[in-house]
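Read off the chains here:
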Amino acid sequence: MGMLSRLMNFFGWQDEVEEIYEEVVDEQDALPQKKPQKVVSIHTQPTVRVILSEPQSYDEAQMIADHLKNRRTVVVNLQRMRKEQARRVVDFLSGTVYALNGQIQKVGHDIFMCTPDNVEMEGTISDVQHDA
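This structure is a prediction, so every number in the text was calculated from the model and none was measured.

Cut-offs used in this document
- Residues numbered from 1 in each chain as written.
- Predicted model: local features only at pLDDT ≥ 70, side-chain atom pairs only at ≥ 80, totals over all residues.
- Heavy atoms only, no water.
- Helix = DSSP H or I, 4+ residues; strand = E, 2+ residues; numbered from the N terminus.
- Buried < 20%, exposed > 50% of the residue type's maximum accessible area, 1.4 Å probe, protein only.
- Contact = heavy atoms within 4.5 Å.
- Areas by Shrake-Rupley, 256 points an atom, 1.4 Å probe, with all protein chains shown as cover.
- Pairing = 2+ DSSP bridges.
- Right-handed = clockwise from strand over helix to strand, strands pointing away.

## A short note on the overall build of the protein chain
Along the protein chain, the regular secondary structure elements total 4 helices and 4 strands. Shown N-terminal to C-terminal, the secondary structure of the protein chain runs as helices and strands in the order α-α-β-α-β-α-β-β. Buried residues in the protein chain amount to 23% of all 132 residues. Contacts in the protein chain between residues far apart in sequence, at least 24 positions, make up 46% of those at least 6 positions apart. Per element, the accessible surface of the protein chain, about 11600 Å² overall, is 51% carbon and sulfur.

Okay, structure coming up:
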């Protein structure tokens, strides 16, 4: 209010008009805006699990097949088995790998690597026979 308005109000020549200013604050504007943050994992590859198996009987072949069905790579050491049983295990695992679109490869003397379809194998390991 100006000085003249106050004097006029004092002598009653002017009705006092009270001016009220309301400050309207939008709650959304008052709070700092939080933008959704994009979280990026620095671990882009999931943990890969390789199972090492050393079966002693044909009955353990199904456990190896279950690992393959769960998309795990299995390295199978058949050196502790009799030749006939080892051949049956390799035949069983070959069928399992075929059904799962995976691969089986010999990586050593009586040692095989079986992989599901989400694992690629490259290269070969030659089987060297030493004449003694």
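## Here's the deal with the pairing of strand β2 (residues 73-77)
Among the 5 residues of β2, 5 are classified as buried, and the element is accordingly described as predominantly covered. On β2, burial covers both faces: Thr73, Val75 and Asn77 on one face and Val74 and Val76 on the other are all buried. Direction of pairing for strand β1 (residues 50-53) relative to β2: parallel, over a ladder of 4 bridges. When the sheet's bridge partners are listed, Ser53 is paired in β2 with Val76. For the crossover that starts at β1, traverses helix α3 (residues 61-69) and ends in the parallel β2, the hand is right-handed. In the sheet, β2 pairs with strand β4 (residues 111-115) via 4 bridges, with the strands oriented antiparallel. Within the sheet, the bridge partner assigned to Asn77 lies in β4 and is Ile111.

## So, the side chain of Thr73
Topologically, Thr73 is positioned in strand β2. With relative accessibility at 6%, the residue Thr73 sits in the buried group. Ignoring sequence-local partners within four residues, the contact set of Thr73 consists of Arg49, Val50, Ile51, Met113, Cys114, Thr115, Pro116 and Val119.

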